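Residue strings, one per chain:
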Amino acid sequence: KLPWLSEQASAIALAALRSLLRAPEAKMLLLSPLLLLVIFGSGFLAAGRTDVPEAIRPLFAFGAMVLVLFSTSYLLGNQFGLDRDGFRVYVLSPARRRDILLGKNLAIAPVVLAMGAAAAVFVHVIYPMRLDHFLALGPRFVSMYLLYCLPANTLSIFAPMRIAAGSFQPARPGAIAILLQMLFMFLCPPLLALTLLPLGIEWMAEIMDWRHGMPLDLIFSVVECAIIVCLYGLFLLLQGNWLQAREQRILQIVTTRRE
């Protein structure tokens, strides 16, 4: 059991995580953000340390987390695609559909947040940040992940695509599914940018000389994270209803072999 979670959500999170760690195609997809971080990180090292203002250094860590999230969009935006015939377990399960989505989101969270933390440490080594800015990355990354999960859940419900066994690509996705995937990629950046509001508030306070040494970015990042956690729980109830209404259609899509 995981704290503050139902038994069903805990079981689904563990089962989904074990499935991701065992499936060869999922392992390859999870390696993609690591490869991207290595490529871009080597570019930073080759460029050397430049005179970057201290106030904007947290933006580099923000960009690294965005890169991690976007590189896992095949998993988060198509959470039932790898289940294939196993999706019948969820259809027949008495678990609340909200718990299914929550378990699916929590299954990928350790991998994404761990990669985001590694990227933040890497950025901090190259471009040292103030301690309060570095600590603010923790609640900011949690907020970013939850905000990213909300449209990803919606996309998984309304545009599911079956992933062929041993493959990385959807098996003949429909035009509507591809269109919704593109819309998802366009809408996510402005949504994730909301997590930069605390940093923007601190910048404005410094310009107006109102900060007086207070770690406003850290304080408001924690407050924003708490608000987003509450909103995530509310939206998850609505998305659970959508999943219950669409589960038969999702089952038909992810279990139909089109290779």
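Here the structure is shown first, and the text comes after it.
Since the model is a prediction, treat every value here as computed from it, not as a measurement.

Rules of the game
Residues numbered from 1 in each chain as written. Predicted model: local features only at pLDDT ≥ 70, side-chain atom pairs only at ≥ 80, totals over all residues. Heavy atoms only, no water. Helix = DSSP H or I, 4+ residues; strand = E, 2+ residues; numbered from the N terminus. Expected span 1.5 Å × (residues − 1). Buried < 20%, exposed > 50% of the residue type's maximum accessible area, 1.4 Å probe, protein only. Axes fitted to C-alpha atoms, helices over the stretch in contact; angles between N-to-C directions. Parallel < 35°, antiparallel > 145°, perpendicular 65-115°, else oblique. Contact = heavy atoms within 4.5 Å. Nonpolar A, V, L, I, M, F, W, Y, C, P; charged D, E, K, R; others polar. Salt bridge = Lys/Arg side-chain N within 4 Å of Asp/Glu carboxyl O. Arc of directions from axis to C-beta.

Trainee: Where do I start with helix H7 (residues 131-158) in this structure?
Mentor: One turn of the α-helix equals 3.6 residues, which is why residues spaced by three or four share an orientation. With 28 residues, H7 should reach 40 Å at 1.5 Å per residue; the first-to-last C-alpha distance of 42 Å fits that figure. Where burial is concerned, most of H7 is hidden: 20 out of the 28 residues are buried.

Trainee: How should the packing of H7 against helix H9 (residues 197-207) be read in this particular structure?
Mentor: At a minimum axis distance of 11 Å, the contact between H7 and H9 shows a crossing angle of 150 degrees. On the basis of the axis angle, H7 is roughly antiparallel to H9. Contacts between H7 and H9 involve Asp-132, His-133 and Arg-140 from the first element and Pro-198, Leu-199 and Glu-202 from the second. Among the residues making up the contact of H7 with H9, the classes are represented as 2 nonpolar, 1 polar and 3 charged.

Trainee: Mind showing me how you'd approach the pattern of salt bridges here?
Mentor: If the charged atoms of two oppositely charged side chains come close together, the side chains can form a pair. The full count for this structure, using the stated rule, is 9 salt bridges. Close ionic contact of Lys-104 with Asp-83 constitutes a salt bridge, the shortest N to O distance being 2.8 Å. Here Lys-104, found in helix H6 (residues 97-126), pairs with Asp-83, found in the loop between helix H4 (73-76) and helix H5 (87-92); they are 21 residues apart in sequence, far enough to count as distant. Lys-104 gets classed as buried once you look at its relative accessible area, which sits at 7%. Residue classification places Asp-83 among the buried residues on the basis of a relative accessible area of 18%. Among the ionic pairs, Glu-206 bridges to Arg-130, the shortest N-O distance being 3.7 Å.

Trainee: I'm lost on H9 in this one. Help?
Mentor: Turning to H9, its buried residues are Pro-198, Leu-199, Glu-202 and Ala-205. Angular distribution of buried residues about the axis of H9 spans 120 degrees; they occupy a single face of the element. Among the exposed residues of H9, those oriented more than 90 degrees off its buried face are Leu-197 and Ile-207. Phi turns positive one or two residues past the end of H9, at Asp-209, with a value near 60 degrees.

Trainee: Explanation requested: unusual backbone geometry in the structure shown.
Mentor: What you tend to see is this: most non-glycine residues have negative phi, and most peptide bonds are trans. At Trp-4, a residue that is not glycine, the phi angle is positive and equals roughly 65 degrees. Within the fold, Trp-4 resides in the segment before helix H1 (7-22). A relative accessible area of 88% means that Trp-4 is categorised as exposed.

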